[in-house]
Amino acid sequence: MEQKKIHKVFIDGPINPGFIGEAIAKHSDKKNIGAHSIFLGQVRNDRIGENEVAAIEYTAYREMAEELFIEIREDAFKNFPIICMHIYHSLGRVNAGEISLFVFTSAIHRKDAIDACEAIVERIKKEVPVWGKEIFTNENSQWKINT
Amino acid sequence: MEQKKIHKVFIDGPINPGFIGEAIAKHSDKKNIGAHSIFLGQVRNDRIGENEVAAIEYTAYREMAEELFIEIREDAFKNFPIICMHIYHSLGRVNAGEISLFVFTSAIHRKDAIDACEAIVERIKKEVPVWGKEIFTNENSQWKINT
Amino acid sequence: MGINVLLFGQVADITGKDILKIPVVKNTNELNQLLEKTYPALKSIKYSIAVNKKVIQENTALHNEDTVAILPPFSGG
Amino acid sequence: MGINVLLFGQVADITGKDILKIPVVKNTNELNQLLEKTYPALKSIKYSIAVNKKVIQENTALHNEDTVAILPPFSGG
């Protein structure tokens, strides 16, 4: 079953939109799927005082994060009647306008795909030990705080 | 503003995953976006008795549907602080495993993108005059009923 | 002179056409009666009615050149 | 012999390192005291603690070879 095929979550650098298209295409042979829900996190060029965010540099406590991704995955299959799910998260530098998080759920019915996707995103933001350092256009930096 | 650039919603045949990737890529210059939410409807190979759905053939009352898509768009910008939104819907034959609906919302914050996307999908399913005829593998057919 | 009646999905299957030109009737209730008399199978299905591209909830007056659409349950997406 | 202390984000900036080897202390409260004595700037930030990759909510006994991580607020996604 799909549930067992666990891919690597962390990707070096930004997540390519073409990769997202390919991930979608791979589901065309799962003909019991009726609905996909996708969440993408994109790096914003926030202005903080005089400064503008040029990029975020992500680091993680990988061993712990990878265990958590497995737990989030198992819980998602337990809590929602989904057919498959995928999570990708960037490490390293991701420029403003580039994508750093890709959560993808698929189900027979739309509500299940949508609810699962949202629940997974919330858990990632809250529980997974990843840190983003905002790199400003002037090369100063500060640690990001999630809202 | 983005709000004014209204593209064609209806697409002949399935929505290509590569097209979805390209639509995502186009948002990399909108650097105030922090979150994208995407919903995709995929045609299921449902079994109904002895029959299996091979494809859905979509027809629409186009003039009315197009007015509704504009209204849905305007309401989405009124009701949610989103930065942009796109809807694509197939007409004609879409095979099982192919994509027939693509709803794409973008916002500064994730909750707004997610809530707007879900609200738009619900309105499309409920209000837009589109009909799907399920074509079975034996070439029989029946009109689909949305749940 | 008359009213354009657009027919979709299951309704078009029942009537065998996707457009009807009919003489002006007073209102949508009269149009319903006329259609269900001509195509009794319509009585067995649920449909809604749009007048000039707006779904109506109650009996609505009709005028020359109005476009009425007979809409079986939607199944897009 | 000892405990591995992993330091991340803001905490690693404060300590200037991303790993500390320290002698065994009895529990996480003792570890906290030790760290905040050595790096007083830690007192001014919020952090949580994971013992062997599990976030703990209360004082937790530590043993030889345990791995403790000092985790400033997450900001992934």
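Our structure is the block above this text.
In this text the structure is predicted, and so the values were computed from the model without any measurement.

A. Quick look at the sheet that holds strand β4 (residues 54-55) of chain D. Residue and element names in this part refer to chain D. The strand order β2-β1-β5-β3-β4 describes an open sheet built from 5 strands, whose pairing is mixed. The outermost strands of the open sheet, each flanked by one partner alone, are β2 (19-22) and β4. Where strand β3 (residues 48-51) meets β4, 2 bridges bridge the pair, whose relative direction is antiparallel. Bridge pairing in β4 links alanine 50 to valine 55.

B. Geometry of the pattern of salt bridges. All names here are of chain A. Scanning the model with the defined rule gives 24 salt bridges over all chains in all. The residue glutamate 71 makes a salt bridge to arginine 123 at a minimum N-O spacing of 3.3 Å. A residue pair is termed long-range when its members are at least 10 positions apart, and glutamate 71 in helix α2 (residues 62-79) and arginine 123 in helix α3 (residues 110-127) qualify at 52 residues. Here the salt bridges share partners, and the residues they tie into one network are Glu71, Asp75, Lys78, Arg123 and Glu127.

C. Structural detail: the pairing of strand β4 (residues 51-60) of chain A. Residue and element names in this part refer to chain A. Here strand β3 (residues 47-48) runs beside β4; their pairing, made up of 2 bridges, is antiparallel. Among the inter-strand pairings, arginine 47 is bridged to a residue of β4, identified as glutamate 52. Where β4 lies against strand β7 (residues 130-136), 7 bridges are found, and the strand directions are antiparallel. In the strand pairing of β7, alanine 55 is matched with isoleucine 135. Taken together, the 4 bridges between β4 and strand β5 (residues 82-95) define a ladder with antiparallel strand orientation.

D. Looking closely at the packing of aromatic side chains. All names here are of chain A. Taken as a whole and assessed by the stated rule, the structure comprises 16 aromatic pairs over all chains. Between the aromatic rings of phenylalanine 102 and phenylalanine 104, the centroid separation amounts to 5.7 Å while the plane-to-plane angle is 20°, which identifies the pairing as stacked. Accessibility expressed as a relative area gives 0% for phenylalanine 102, which makes it buried.

E. Summary view of the sheet that holds strand β5 (residues 67-71) of chain C. Read from one edge of the open sheet, 5 strands run β2-β1-β5-β3-β4 (chain C), paired in mixed fashion. Looking along the sheet, the strands with just one partner apiece sit at the ends: β2 (19-22) and β4 (54-55) of chain C.

F. Expanded view of the relation of the copies chain B and chain A. The two copies are related by a screw motion: chain B maps onto chain A through a turn of 180° and a shift of 0.0 Å along the axis, at an RMSD of 0.0 Å. Given the turn and translation reported, the copies of this chain are related as if by a two-fold rotation axis. Taken as a fraction of all interface residues of chain B, those also at the interface in chain A reach 100%, which identifies the copy contact as same-surface.

G. Fine view of the interface of chain A and chain D. Every contact between the two is made by 23 residues of chain A and, on the other side, 18 residues of chain D. When chain A packs against chain D, close to 1700 Å² is buried across both sides, 57% of that on carbon and sulfur atoms. Looking at the side of chain A facing chain D, the largest losses of area belong to Tyr61, Trp131 and Trp143 of chain A, adding up to 39% of the total buried there. Applying the counting rule to chain A against chain D returns 2 salt bridges. Notably, a salt bridge pairs lysine 54 of chain D with glutamate 67 of chain A, separated by 4.0 Å at the nearest N-O pair. Across the contact surface, chain A and chain D share 11 residue pairs in polar contact (both at pLDDT 80 or more). Taken together, the elements giving at least two residues each to the side of chain A that touches chain D come down to β4, α2, β6 (99-107), α3 and β7 of chain A. Split into classes, the residues belonging to the side of chain A that touches chain D amount to 11 nonpolar, 4 polar and 8 charged.

H. Structural view of empty space enclosed by the protein. All chains considered together, the criterion is met by 1 cavity of 30 Å³ or more. In this structure, the largest cavity encloses a volume near 70 Å³. Lining the largest cavity we find Ser37, Ile38, Ile114, Cys117 and Glu118 of chain A together with Ser37, Ile38, Phe39, Ile114, Cys117 and Glu118 of chain B. Of all elements in the fold, only β2 (35-42) and α3 of chain A together with β2 (35-42) and α3 (110-127) of chain B reach the threshold of two or more residues within the lining of the largest cavity. Partitioning the lining of the largest cavity into residue classes produces 7 nonpolar, 2 polar and 2 charged.

I. Region of interest: the interface of chain B and chain A. Every contact between the two is made by 35 residues of chain B and, on the other side, 35 residues of chain A. Inspection of the chain B/chain A interface yields 2 salt bridges. Ionic pairing is found between arginine 110 of chain A and glutamate 122 of chain B, a salt bridge with its closest N-O pair at 2.8 Å. For the side of chain B that touches chain A, the secondary-structure elements that each account for two or more residues are α1 (17-25), β2 and α3 of chain B. The element that contributes the greatest number of residues to the side of chain B that touches chain A is β2 of chain B, accounting for 8 residues. Residue classes in the side of chain B that touches chain A are distributed as 15 nonpolar, 13 polar and 7 charged. Pairing of β2 of chain A with β2 of chain B, which is carried by 7 bridges, proceeds in the antiparallel orientation. The residue of β2 of chain B that forms the bridge with alanine 35 of chain A is glycine 41 of chain B.

J. Highlighting α1 of chain B. The set of residues buried in α1 of chain B consists of Pro17, Ile20, Gly21, Ala23 and Ile24 of chain B. Down the axis, α1 of chain B shows its buried residues gathered within 160° of arc, on one side only. On its buried face, α1 of chain B is in contact with α1 (17-25), β2 and β6 of chain A together with β2 and β6 (99-107) of chain B. Looking at where α1 of chain B begins, the residue whose side-chain oxygen comes 2.8 Å from the main-chain nitrogen of glycine 18 of chain B is asparagine 16 of chain B.

What counts, and at which threshold
Residues numbered from 1 in each chain as written. Chains lettered and ligands numbered in written order. Predicted model: local features only at pLDDT ≥ 70, side-chain atom pairs only at ≥ 80, totals over all residues. Heavy atoms only, no water. Pairing = 2+ DSSP bridges. Helix = DSSP H or I, 4+ residues; strand = E, 2+ residues; numbered from the N terminus. Salt bridge = Lys/Arg side-chain N within 4 Å of Asp/Glu carboxyl O. Phe/Tyr/Trp six-rings, centres within 6.5 Å; stacked < 30°, edge-to-face > 60°. Buried < 20%, exposed > 50% of the residue type's maximum accessible area, 1.4 Å probe, protein only. Least-squares fit on C-alpha atoms with pLDDT ≥ 70 in both. Contact = heavy atoms within 4.5 Å. Buried area = accessible area lost by both parts, 1.4 Å probe. Polar contact = N/O pair within 3.5 Å; in protein donor to acceptor, adjacent residues only side chain to side chain. Nonpolar A, V, L, I, M, F, W, Y, C, P; charged D, E, K, R; others polar. 1 Å grid on protein atoms, 1.4 Å probe; cavity = no way out; pocket = protein on both sides within 12 Å on 5 of 7 lines; lining within 4 Å. Points joined across faces, edges and corners; volume = space filled by probe spheres on them. Arc of directions from axis to C-beta.

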